[in-house]
Amino acid sequence: MSAYYLSILSGALLTVGVSLSALLVAVALGLLGAAAKLSRRRYLVWPATLYTTVIRGIPELVLMLLVFYGGSIGLNAMIEAMGSEFAINIEPFTAGVLTLGFIYGAYMTETFRGAILSIPQGQLEAAAAFGMRPWQILLRITLPLMVRYALPGVTNNWLVLIKATAVVSLIGLQEMTYLAKQASAATRSPFAFFLFTAALFLLYTWASLVVLKQLNQRYSLGVRHGRL
């Protein structure tokens, strides 16, 4: 029995890897999407709006299967049409990271967009009045303030993203949910292994909340919080 628990622990490390990699993809897409939706150019606003609307309306499982199966078929069809015999196979880890990052990039887009809109215009105008250039205003004013306003939403998205990694087990990635199912099938003791997996997810959640709380306090230095 102990060997199964050790294998689940090894899968837990893979879960962390998938989660963090997907978070990087999601943050990058979120920043690009937020910039596009706040742009004055319609050819940037419409694709970003379509992206957030469609992705948030399709279940993670459906998108995961589309990327894992449809992505390989689509890429190989394009390569074959170009006259090449080279074949591409999307590995479960890559499919999981890209799909989760693509999905939660839509949620991050709305989180970052809302955070940027929450920045008081007076602070941006004051920075411009002091002679700051646009890139200086972006780096010194907009981004730090955006992080402060976005952290609660990012925290929520991150916690949901961690739990969504369980969906990756359906495409064969041997993370802890997949290994828990394998152990349950082999020993016919599903309760113990799934309870252990649930405890690991709770541990990740607790550790994430501790770290993100420290970040929130760091970016809230000098801010007065109103009390009722």
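To be clear, the structure that these remarks concern was listed above.
Description of the structure in this document. Given the structure is predicted, the values throughout are model-derived calculations rather than measurements.

Basis of the calculations
- Residues numbered from 1 in each chain as written.
- Predicted model: local features only at pLDDT ≥ 70, side-chain atom pairs only at ≥ 80, totals over all residues.
- Heavy atoms only, no water.
- Axes fitted to C-alpha atoms, helices over the stretch in contact; angles between N-to-C directions.
- Helix = DSSP H or I, 4+ residues; strand = E, 2+ residues; numbered from the N terminus.
- Parallel < 35°, antiparallel > 145°, perpendicular 65-115°, else oblique.
- Left-handed = near helix turned anticlockwise from the far one by under 90°.
- Contact = heavy atoms within 4.5 Å.
- Nonpolar A, V, L, I, M, F, W, Y, C, P; charged D, E, K, R; others polar.
- Salt bridge = Lys/Arg side-chain N within 4 Å of Asp/Glu carboxyl O.
- Buried < 20%, exposed > 50% of the residue type's maximum accessible area, 1.4 Å probe, protein only.
- Phe/Tyr/Trp six-rings, centres within 6.5 Å; stacked < 30°, edge-to-face > 60°.

## Comments concerning the packing of helix H1 (residues 2-37) against helix H6 (residues 134-164)
Between H1 and H6, whose axes approach to 11 Å, the crossing angle comes to 140°. Taken together, the axes of H1 and H6 are oblique relative to one another. As for how H1 packs across H6, the hand of that crossing is right-handed. Touching Ser19, Leu20, Ala22, Leu23 and Leu31 of H1 are Met146, Trp158, Leu161 and Ile162, all from H6. The residue inventory of the contact of H1 with H6, partitioned by class, reads 8 nonpolar, 1 polar and no charged.

## Considerations on the packing of H1 against helix H7 (residues 176-187)
Working note: a packed helix pair is described by the angle between its axes plus the distance between those axes. Two numbers describe how H1 lies on H7: the axes approach to 7 Å, and their chain directions differ by 160°. Between H1 and H7, the angle falls in the class roughly antiparallel. Considering only the axes of H1 and H7, their crossing is right-handed. Here H1 contributes Tyr4, Ser7, Ile8, Ser10, Gly11, Ala12 and Thr15 to the contact with H7, which in turn contributes Met176, Leu179, Ala180, Ala183, Ala186 and Thr187. For the contact of H1 with H7, the per-class residue count stands at 8 nonpolar, 5 polar and no charged.

## So, the pattern of salt bridges
Taken as a whole and assessed by the stated rule, the structure comprises 2 salt bridges. Glu110 is the salt-bridge partner of Lys37, the closest N and O atoms lying 2.6 Å from each other. Of this pair, Lys37 sits in helix H1 while Glu110 sits in helix H4 (residues 92-118), placing them 73 residues apart in sequence. For Glu110, a relative accessible area of 18% corresponds to the buried category. A single salt-bridge network, built from bridges that share partners, covers Lys37, Glu110 and Arg113.

## Section: the environment of Leu63
Position of Leu63 relative to the elements: it lies in helix H3 (residues 60-81). Classification of Leu63 as buried rests on a relative accessible area of 8%. Residues Leu63 and Phe102 lie 39 residues apart in sequence; the distance between their C-alpha atoms is 9.3 Å. Leaving out residues up to four positions away in the same chain, Leu63 has contacts with Ile55, Ile58, Thr99 and Ile103.

## Re the packing of aromatic side chains
As enumerated under the stated definition, the model contains 5 aromatic pairs in all. Ring geometry for Tyr51 versus Phe102: centroids 5.0 Å apart, planes at 50°, classification tilted. With Tyr51 in helix H2 (residues 42-55) and Phe102 in helix H4, the pair connects residues that are 51 residues apart, well separated along the chain. Given a relative accessible area of 15%, Tyr51 falls into the buried group. Through successive ring pairs, a cluster of aromatic residues spans Tyr4, Tyr5, Phe193 and Phe196.

Just distances and angles here, no functional claims.
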